[in-house]
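Chain by chain, the residues:
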Amino acid sequence: MHKIIYGISISLLASTSVLAAEARRSMIEEVVVTATKRDGSLQDTTIAISAMSAEQLEFRDVSSLSDMQNSVPNLQYGEIGGVPFIAVRGIGFNLPLGIGEPGVAVHVDNVALPRLGSMSTAGMDMRQIEVLRGPQGTVYGRNATGGAANFVSTPPTEEFEGKITLGIGSEGRQNGEGYLSGSFTDNLRGRIFYISDEFDGFGINEFNGDKVGGNKTEGIRAALSWDVTDNLTIDLNAYQRTDEGSNPTASPVNAGGLTTVLGTPFLRPDIGVKGDPNNINDDRTPYTAKETELGILTVSWATEHFDLKSISAKIHHTTDQYYSVDATNYFIIDAIRDEDSDTISQEFNLSGSLFDSRVDWLVGAFYFQDKGNTNFTPILGVDELTGLISTPTGAGLVLDALLEDQNNVAKALFTEVSWRFADDWKFLVGARYSEETKEALQTFYATLDVSSVPPSLLGILNTVVSPIAGAVISDSCERTPAEVSFNSFDPKFELSWQPSDEILVYVQNQRGFKAGGISSTECGQSYVPEEVNSSEIGLKAQFFDNRLTINSAIFHYEYTDYQVLEYNGIGLRVISAPKASGSGAESEIVYAPTDWMNIDVALSYLDAKYDEFMDADGFEDPNFLVPTAEPRDLSGMPLNRAPKYTGNLGLNFFIPFDSSFINESQIRLEAYTTDSIAFTQFSYKDSDRQDGYTLFNAYFGLSMLDNKLSVRTFVKNITNEDYIIGVFTADIIHLTSQIHADPRSYGLQVSYGF
């Protein structure tokens with residue numbers, strides 16, 4: 001316990017959604033969200049949105065979107081190469097190299113995080129997490145074709161307060177969080193938050209006995225809020241977080257089919273994992289280190305006629321990673337991935353109302369610049385890769401795939417205007433115009449490391465390696481300038497009907513845009529933007545004195561040039577499916593039959609597929625040096641991370657105590673089920689998909705001493721279900737590796753507030 005560092009608690013006495021958290025009272029209290037860049041009631045917001053409060057996040061041990069997928073319809077979370085990936089309604093992206101764009105925009109306090117590796121920063125000291133489903137092209141702009149996730153931080157308080165939390169859990173988990181908050185003067189408030197979390201990991205490297213899958217996290221957030229005048233406020237937020245761990249933990253799923261680069265069987269013994277699915281059997285224990293620094297300055301000026309907000313941000317992010325692509329106990333393919341970036345962004349929002357609040361308007365401008373370098377360096381072990389050299393040489397074929405001096409500049413103007421033309425009818429029109437330019441220096445070439453090779457073997461080595469290098473890199477380049485530019489105009493139209501405070505119906509159509517980019521493994525190559533056109537009909541309703549809430553939507557979207565990740569031998573590249581589409585329905589229901597019990601249900605149905613798409617599966621090439629696989633017609637295949645259905649059921653029980661020591665206890669039981677999930681476009685193969693599965697979780701909490709002391713415990717994945725959350729392939733040796741989700745886990749946390 002000496003490693004535990006003090007921390008914050010966000011009370012565990014909560015339920016699965018913001019609505020459910022308050023259902024212990026006979027009426028569900030209003031939930032305020034920031035989804036439209038202005039504060040508004042969730043029930044009055046014409047967006048399919050789910051929100052989870054700080055109370056619920058802490059109760060369920062949630063610090064990111066990974067656990068929220070169990071309660072948010074059509075949300076999927078997974079990992080590849082230690083990088084998180086999010087999909088909403090089947091729209092996301094699986095490119096871990098920093099050269100692709102996500103399909104779901106992640107924001108912290110209205111600032112977009114440009115690199116997926118920096119997303120862990122979003123989990124610190126949050127007041128609320130909001131998940132918006134469907135394109136958000138007008139207000140959020142770039143890379144929100146699937147939706148957006150808003151992480152809203154906890155503001156400083158006027159009254160002095162603080163809280164500490166200490167926790168322990170399965171596989172050596174020790175965590176602590178803590179905050180202090182209060183006023184320095186009548187108009188200046190501050191808050192400081194610290195987190196430390198250590199976890200050994202669920203797996204073992206069977207090759208050397210190392211624990212794997214663990215992580216060590218340390219982070220701090222500082223916030224100041226200054227009321228300069230009665231209507232002018234300045235908020236400053238600063239975040240710093242480091243994550244270091246032994247991941248990604250992947251294991252080959254088809255070790256028996258592993259081949260050399262020439263297509264001959266790989267005859268080495270003892271390939272693959274012999275024990276627990278979370279184990280690996282790797283000649284090198286993987287390593288990933290990430291660091292993110294984020295600073296946000298927000299200036300808010302409220303007048304009688306309009307509100308003006310300026311949001312300025314600076315982000316610095318680095319990733320250093322080393323892992324085995326082949327995931328075996330032999331030196332076949334290792335990889336180094338380094339990434340660094342510096343990002344600045346500036347946004348202005350001006351909003352107001354006219355004609356006795358019958359017209360609401362918003363106009364804004366956005367500027368974004370991301371500079372950085374991305375290095376992906378596979379190292380191929382020539383001896384094992386070819387199987388031709390009887391005497392070990394230790395030689396390595398080093399491939400450098402670099403995008404240096406990256407400079408991505410995006411600009412946009414946007415607006416939304418709504419007109420309440422009758423007491424219960426409103427019409428909204430919005431638009432966003434975007435321009436984006438990407439520049440980089442491309443490098444892609446191969447070198448042979450012969451530093452450990454005896455001179456007598458150099459001749460045969462060069463004879464073997466030359467055709468391999470030529471097949472991997474047909475066209476090399478070094479610091480070659482590349483540039484691409486795009487622009488997009490994305491309108492939105494919406495009609496809503498609100499006959500009462502309890503009923504809202506809306507119909508909308510909107511477009512979204514995701515930028516193209518520059519390839520890192522093909523000289524002179526780039527990929528085009530993708531565009532989406534989406535229509536949606538939604539219902540938000542409350543009944544029985546607000547004891548029953550039903551929020552539902554049906555939708556259809558059509559994509560042009562849908563971006564797809566393709567494994568190209570040893571490299572990765574982005575290609576486009578000319579057409580893709582999806583149709584579906586989703587519903588969130590919360591019912592409080594009594595003051596001491598509530599039930600929440602989240603249901604989704606989704607039919608998301610490629611409509612026009614041809615692509616060749618490299619696994620069908622018997623010999624990498626002579627590719628012969630013909631392109632397949634993949635029309636009708638499901639999009640990645642787009643299960644046909646998902647469902648969540650949560651039962652919450654609140655038991656009050658008439659005692660000065662124990663105030664209340666809460667029990668939550670939940671079940672989550674999903675249909676099969678595709679991880680690549682070739683999901684007709686068992687190795688590239690996850691069959692349907694069901695998870696069960698349980699949570700328990702006690703609140704004591706006038707709610708100052710709380711104790712909570714949880715068990716996740718009670719039945720120890722084994723399922724995967726990511727897949728990556730190495731066509732060059734006919735190998736697919738899978739990343740398994742956490743098995744059964746448990747934890748205990750104690751918090752004291754003052």
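Preceding this paragraph is the structure being described.
Residues numbered from 1 in each chain as written. Predicted model: local features only at pLDDT ≥ 70, side-chain atom pairs only at ≥ 80, totals over all residues. Heavy atoms only, no water.

**Student:** Quick one: what's the story with the overall build of the protein, residue by residue and with numbers?
**Tutor:** Tallying secondary structure elements over the protein gives four helices and 42 strands in all. Its C-alpha atoms give the protein a radius of gyration of 26 Å, within 12% of the compact-globule value 27 Å for 754 residues. With the C-alpha coordinates of the protein rotated into their principal frame, the extents come out at 85 × 55 × 50 Å. Buried residues in the protein amount to 59% of all 754 residues. Relative to all contacts within the protein whose residues are 6 or more apart in sequence, the contacts with residues 24 or more apart total 71%. Here the protein contributes 52 positive and 102 negative side-chain charges, whose respective centroids are spaced 2 Å apart. (Helix = DSSP H or I, 4+ residues; strand = E, 2+ residues; numbered from the N terminus. Rg over C-alpha atoms; globule rule 2.2 N^0.38 Å. Buried < 20%, exposed > 50% of the residue type's maximum accessible area, 1.4 Å probe, protein only. Contact = heavy atoms within 4.5 Å. Lys, Arg positive; Asp, Glu negative; His and termini not counted. Charge placed at Lys NZ, Arg CZ, Asp CG, Glu CD.)

**Student:** How would you explain the state of the cysteines if you had to name every residue and give the values?
**Tutor:** Tallied over the entire structure, the rule returns one disulfide. Here C477 connects covalently by a disulfide to C523, the sulfurs 2.1 Å from one another. Judged by the torsion about the S-S bond (-85°), the C477/C523 disulfide is left-handed. Taken as a pair, C477 in strand β24 (residues 477-500) and C523 in the loop between β26 (517-518) and β27 (526-527) lie far apart in primary sequence, 46 residues in all. Each member of the pair C477 and C523 is classed as buried. (Disulfide = S-S within 2.5 Å.)

**Student:** Pulling in residues and values, what's your account of a nonpolar patch on the surface?
**Tutor:** The grouping of V417, W419, F421, W425, F427, V429, F493, L495, W497, V507, I537 and I554 at the surface amounts to a nonpolar patch, some 1000 Å² of accessible area in total. Put simply, the parts of the chain that give the nonpolar patch at least two residues each are β22 (396-422), β23 (425-449) and β24. Within the fold, W497 resides in strand β24. We classify W497 as partly exposed; its relative accessible area is 33%. (Patch = residues over 30% accessible without salt bridge, like charges linked within 9 Å, V, L, I, M, F, W, Y side chains within 5 Å. Areas by Shrake-Rupley, 256 points an atom, 1.4 Å probe, with all protein chains shown as cover. Salt bridge = Lys/Arg side-chain N within 4 Å of Asp/Glu carboxyl O.)

**Student:** Quick one: what's the story with the packing of aromatic side chains, residue by residue and with numbers?
**Tutor:** The description of an aromatic ring pair rests on the distance of the ring centres and on the angle between the ring planes. Considering all chains together, one arrives at 18 aromatic pairs under this definition. Three or more aromatic residues joined by ring pairs make a cluster, and in this case those are F555, Y557, Y559, Y562, Y610 and F613. Between R284 and the ring centre of F331, over which it is positioned, the NZ or CZ distance is 5.6 Å. Lying over the aromatic face of F619, K685 brings its terminal NZ or CZ to 4.2 Å of the ring centre. (Phe/Tyr/Trp six-rings, centres within 6.5 Å; stacked < 30°, edge-to-face > 60°. Lys NZ or Arg CZ within 6 Å of the ring centre and 35° of its normal.)

**Student:** So what about the sheet that holds strand β40 (residues 724-730)? Which residues, and what values?
**Tutor:** Where strands meet in a sheet, backbone hydrogen bonds hold them as pairs that are either parallel or antiparallel. Pairing in this open sheet of three strands is antiparallel, and the strands run β17-β41-β40 from one edge to the other. Looking at which strands have only one partner, the edges of the open sheet turn out to be β17 (250-252) and β40. Here the average twist between neighbouring strands, direction ignored, is 30°. Looking at chain direction, β17 and strand β41 (residues 735-740) are connected through three bridges and run antiparallel. The residue bridging S251 from the neighbouring strand is Q738, located in β41. (Pairing = 2+ DSSP bridges. Axes fitted to C-alpha atoms, helices over the stretch in contact; angles between N-to-C directions.)

**Student:** Tell me what's going on with the layout of surface pockets, and back it up with residues and numbers.
**Tutor:** Of the volumes computed, that of the largest pocket is approximately 890 Å³. Lining of the largest pocket is provided by 39 residues; of these, D39, D235, T298, S300 and K309 occupy positions nearest its centre. Mapped onto the lining of the largest pocket, the elements with two or more residues apiece are β6 (104-108), β9 (147-153), β15 (215-229), β16 (232-245), β18 (287-302), β19 (306-324) and β20 (333-354). Broken down by element, the lining of the largest pocket gets its largest block of residues, five residues, from β18. Split by residue class, the lining of the largest pocket holds 14 nonpolar, 14 polar and eleven charged. (1 Å grid on protein atoms, 1.4 Å probe; cavity = no way out; pocket = protein on both sides within 12 Å on 5 of 7 lines; lining within 4 Å. Points joined across faces, edges and corners; volume = space filled by probe spheres on them. Nonpolar A, V, L, I, M, F, W, Y, C, P; charged D, E, K, R; others polar.)

**Student:** Which residues make up the pattern of salt bridges, and what values do they have?
**Tutor:** For the coordinates displayed, the defined rule picks out 39 salt bridges. Where K644 meets D607, a salt bridge forms, and the shortest distance between an N and an O atom there is 3.4 Å. Linking K644 in the loop between β33 (632-633) and β34 (645-656) with D607 in strand β31 (residues 597-612), this pair joins segments that are 37 residues apart in sequence. Close ionic contact of R668 with E670 constitutes a salt bridge, the shortest N to O distance being 2.8 Å.

**Student:** Can you tell me about the sheet that holds β6, naming the residues and giving the values?
**Tutor:** In spatial order, the strands read β3-β8-β9-β6-β7; together these five strands make up an open sheet with mixed pairing. At either margin of the open sheet sits one strand with a lone partner, and together these are β3 (48-53) and β7 (111-112). Judged from the two bridges that link them, β6 and β7 form a sheet pairing that is antiparallel. Counted as the bridge partner of V108 is V111 from β7.

**Student:** Now, about the side chain of T377: what can you tell me, with residues and values included?
**Tutor:** Summarising the element assignment, T377 is placed in strand β21 (residues 359-381). Here the side chain of T377 touches N375 through a polar contact of 2.6 Å, side chain to side chain. When near neighbours in sequence (up to four residues on either side) are disregarded, T377 contacts D334, A335, I336, V398, L399 and D400. (Polar contact = N/O pair within 3.5 Å; in protein donor to acceptor, adjacent residues only side chain to side chain.)

**Student:** Residues and numbers for a negative patch on the surface, please.
**Tutor:** Residues E30, D44, D501, E502 and D545 make up a contiguous surface patch of negative charge. Owing to a relative accessible area of 40%, D44 belongs among the partly exposed residues under this scheme.

**Student:** An account of the environment of V33 is needed here, citing residue identities and associated values.
**Tutor:** Inspection of the secondary structure assignment puts V33 in strand β1 (residues 32-33). Classification of V33 as buried rests on a relative accessible area of 1%. Considering only alpha carbons, one finds V33 and I129, 96 residues apart in sequence, at a separation of 9.1 Å. Discounting chain neighbours no more than four positions away, the residues touching V33 are R38, D39, G40, S41, L42, T45, I49, A51, Q128 and E130.

Worth remembering: the numbers are spatial, not functional.
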